[in-house]
Amino acid sequence: MTSATNTKSAVSALWLEQEILKMLEEAGVGRLTAENQETYLPQFVTEAQFRLGVALTPHLTAETAEELADLIDSEAGAEEMEVFWHKAVPEYDSVIKNALEEYTQECVALLQAH
């Protein structure tokens, strides 16, 4: 398992769903129908989790990357992973915010094309 995919533990899927829906609405897409939520939201969340991991990973040092590997091996829970990411990446909140904003714009473009 990679650090990018393990970010799923650090960022709750429910929180991520809510953030994506909020950002899509703020971007002018409006509310997704129940059908569109069922179709698109799980895919959006999975991709967002991956992208957040990709955005966070470059901020790791060799030492924190080793610590992350140990956490992954021990199957650390969401709270432990969240503590790790905040400690390892002091700008965690802004990295998450920026990555989500960029990804949301791609989601908007996808939805507007359909």
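Look above for the structure.
Residue positions are counted from 1 within each chain, in the order its sequence is given. Only residues with pLDDT of at least 70 are given local features in this predicted model, and only at 80 or more are side-chain atom pairs given and counted; all residues enter the totals for whole chains, interfaces and linings. Where side-chain values are given, they derive from all heavy atoms of the structure, hydrogens and water being excluded.

K.L.:
Help me understand unusual backbone geometry, please; the structure alone is not making it clear to me.
P.N.:
The phi torsion of most residues other than glycine is negative, and most of the peptide bonds are trans. In this model, Glu 75 sits at a positive phi of 55°, which is unusual for a non-glycine residue. Every helix listed is a DSSP run of H or I at least four residues long, and every strand listed is a run of E at least two residues long, numbered separately from the N terminus. Within the secondary structure, Glu 75 sits in the loop between α4 (62-73) and α5 (78-88). On the accessibility criterion, Glu 75 (70% relative accessible area) is exposed. When accessible area is computed with a 1.4 Å probe and restricted to protein chains, residues below 20% of their type maximum are described as buried, those above 50% as exposed, and intermediate ones as partly exposed.

K.L.:
What is the right way to look at the environment of Arg 31 in this model?
P.N.:
As for its position among the elements, Arg 31 is in the loop between α2 (13-26) and α3 (34-56). With a relative accessible area of 71%, Arg 31 lands in the exposed category. For the pair Arg 31 and Leu 21, spaced 10 residues apart in the sequence, the C-alpha separation amounts to 7.5 Å.

K.L.:
Is there a simple way to explain α4 in this structure?
P.N.:
An α-helical turn contains 3.6 residues, so any two residues separated by three or four positions project in the same direction. Under the 1.5 Å per step criterion, the end-to-end length of α4 is 17 Å for 12 residues, consistent within 8% with the ideal 16 Å. All buried positions along α4 are accounted for by Thr 64, Leu 68, Leu 71 and Ile 72. Taken around the axis of α4, the buried residues stretch over an arc of 100°, which confines them to a single face. Exposed side chains of α4 directed beyond 90 degrees from the buried face belong to Ala 62, Glu 63, Glu 66 and Asp 73. Once α4 ends, the next one or two residues include Glu 75, with phi positive near 55°. Here a helix's expected span is defined as the number of its residues, less one, multiplied by 1.5 Å. Throughout, the arc means the angular range of directions from the helix axis out to the C-beta atoms.

K.L.:
Help me out: how do you make sense of the packing of aromatic side chains in this one?
P.N.:
Aromatic ring pairs: the centre-centre distance and the angle between the two ring planes describe each pair. For Phe, Tyr and Trp, rings pair up if their centres lie within 6.5 Å, where Trp contributes its six-membered ring, and each pair is then called stacked (planes under 30 degrees apart), edge-to-face (over 60) or tilted (otherwise). By the definition in use, this model includes three aromatic pairs. Plain terms: the ring middles of Phe 44 and Tyr 103 are 6.3 Å apart, the flat faces sit at 85° to each other, and that makes the pair edge-to-face. Placement of the pair is Phe 44 in helix α3 and Tyr 103 in helix α6 (residues 92-113), with a sequence separation of 59 residues. Centroid distance Phe 84 to Trp 85: 5.2 Å. Interplanar angle 70°. Geometry classified as edge-to-face. Of the two residues, Phe 84 and Trp 85, both sit in the buried class. Here the aromatic cluster, defined as three or more aromatic residues joined through ring pairs, consists of Tyr 40, Phe 44 and Tyr 103.

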